Amino acid sequence: MGTIRIDETNCARCGICAKVCPVSAISFTAGSVPSMDNVKKLFCINCGQCEAFCPKHALDLSFPGCDAAHLPFDGSSVPPDALGRYLMNRRSVRQFRPQEVERTVIESALEIARYAPSGKNCQPVHWVILHSRAKRDAALECVIEWTRDIVAQNSPMKKRFPASAVLKLHEAGEDMVLRGAPHAAIACVKTDTVMGEEAYTDGIIAMSHFDIALPSLGLGGFWCGFFTMPLMHSEKLRTIVGIPEGYRVCYAYAFGRPVCKAASFPKRKTLEAGWV
């Protein structure tokens, strides 16, 4: 639960904070300063709607683990055409420059992903970033070892994972798993959140934000299923990359600086939508 502090001098007594609260935790009477009593405080999910929508910046919400900064927003928006073209130009990248990406640049993308929505505003996502070449190579070698094991054991996993193709290309010197990407990001969620198994969706949403943010930073990548699947089934691999105990892997994403740049939008299926 959160605690709100209101600057009564700056408060416009407009009641917007109470109106936008999704759980009705804030009480407001016309002409008075809004408040949150000890009972209603229990319903607060720390979403920050009250703070974000206060037109006078008179309300401050704090809760355990929150950052200290209050970031003002001028209400400006991205023109629909510009946003549309940016999103439509999002491409999966599988050809990378070998240079490492600076940690500060990656943190910029993670900072954007930190604002992704989550069920009941649980914010359950924990990121694991493979940044060093040594750690990346050790993880890749573990994936190859796991792949050899499922082939040797004739595991049913072979129906979902193209083990033979991965091994054949690996022996030929080609990386079919990370495609030569210098880094990988892994979104994980706690398994004991109030959202339970549904918290997995929060990890996917956060990864989508990370994916969308990368091109603005001169980066690109792809959703790496051939790395995600071993992470979900190999305890050794989870240990190598540092997945915390009690966390579930949602998805892995390989990324770096692209070699090629898209010159146009590709074709897509026509829109399918039902209107009721």
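Residues numbered from 1 in each chain as written. Predicted model: local features only at pLDDT ≥ 70, side-chain atom pairs only at ≥ 80, totals over all residues. Heavy atoms only, no water.

A.B. asks: What exactly am I supposed to notice about unusual backbone geometry here?
C.D. replies: Peptide bonds are mostly trans, and most non-glycine residues show a negative phi. Phi is positive for Arg13, which is not a glycine, with a value near 55 degrees. Examined against the element boundaries, Arg13 turns out to sit in the loop between strand S1 (3–6) and helix H1 (16–20). Of the residues examined, Arg13 reaches a relative accessible area of 32% and is grouped as partly exposed. Residue Gln123 is not a glycine yet carries a positive backbone phi of 45 degrees. Relative to the elements of secondary structure, Gln123 occurs in the loop between helix H4 (103–113) and strand S3 (125–130). (Helix = DSSP H or I, 4+ residues; strand = E, 2+ residues; numbered from the N terminus. Buried < 20%, exposed > 50% of the residue type's maximum accessible area, 1.4 Å probe, protein only.)

A.B. asks: Would you mind showing me how to read the side chain of Thr228 here?
C.D. replies: Among the secondary structure elements, Thr228 is positioned in helix H8 (residues 225–233). By relative accessible area, Thr228 is classed as buried at 3%. Among the polar contacts made by the side chain of Thr228, one reaches the main-chain carbonyl oxygen of Cys224 at a distance of 2.8 Å. At 2.9 Å, the side chain of Thr228 and the backbone nitrogen of Ala252 are in polar contact. Look past the residues within four positions of Thr228 in its chain and what remains in contact with it is Val249, Cys250, Tyr251 and Ala252. (Polar contact = N/O pair within 3.5 Å; in protein donor to acceptor, adjacent residues only side chain to side chain. Contact = heavy atoms within 4.5 Å.)

A.B. asks: Can you help me understand the packing of H4 against helix H7 (residues 199–213) in this one?
C.D. replies: The N-to-C vectors of H4 and H7 enclose an angle of 135 degrees; their axes lie 8 Å apart at closest approach. Between H4 and H7, the interaxial angle falls into the category oblique. The handedness of the crossing between H4 and H7 is right-handed. Each of Ile106, Ala109, Leu110, Ile112 and Ala113 in H4 lies in contact with H7, whose residues at this interface are Ala206, His209, Phe210 and Ala213. Here the residues of the contact of H4 with H7 are counted per class, giving eight nonpolar, one polar and no charged. (Axes fitted to C-alpha atoms, helices over the stretch in contact; angles between N-to-C directions. Parallel < 35°, antiparallel > 145°, perpendicular 65-115°, else oblique. Left-handed = near helix turned anticlockwise from the far one by under 90°. Nonpolar A, V, L, I, M, F, W, Y, C, P; charged D, E, K, R; others polar.)

A.B. asks: Looking at this model, I keep getting lost on the pairing of strand S4 (residues 183–190). Mind explaining?
C.D. replies: On a regular strand, one side chain projects to one face of the sheet and the next to the other, so that they alternate. Burial analysis of S4 places seven of its eight residues in the buried class, the great majority of the element. Alignment of S3 against S4, held across six bridges, turns out to be antiparallel. Looking at S4, one finds that His126 is bridged to Cys188. Bridge analysis of S4 against strand S6 (residues 247–256) gives eight bridges, and the strand direction is antiparallel. Paired with Ala187 across the bridge in S6 is Tyr251. (Pairing = 2+ DSSP bridges.)

A.B. asks: Sorry if this is basic, but what is going on with the sheet that holds S6 here?
C.D. replies: Sheets are built from strands that pair by backbone hydrogen bonding, the pairs being arranged parallel or antiparallel. Pairing within the open sheet is antiparallel, and its four strands lie in the order S3-S4-S6-S5. Here the strands that pair on one side only, and so sit at the sheet edges, are S3 and strand S5 (220–223). Strand-to-strand twist in this sheet, taken as the mean axis angle between neighbours without regard to direction, amounts to 25 degrees. Sheet strands touched by H4: S3, S4 and S6. Its angle to S3, the strand with the most contacts, is close to 165 degrees. Together, S3, S4, S5 and S6 form the strand contacts of H8, whose direction differs from that of S6 by roughly 150 degrees.

A.B. asks: Help me understand the packing of helix H5 (residues 133–152) against H8 in this model?
C.D. replies: Angle between the axes and distance between the axes: these two values describe a pair of packed helices. Put simply, H5 and H8 touch, their axes get as near as 10 Å, and they point 75 degrees apart. With respect to H8, the axis of H5 lies roughly perpendicular. Seen from H5, the contacting residues are Ala139, Val143 and Trp146; seen from H8, they are Phe226, Phe227, Met229, Pro230 and His233. For the contact of H5 with H8, the residue count by class is seven nonpolar, one polar and no charged.

Such coordinate-based values are descriptive only and should not be taken to indicate function.
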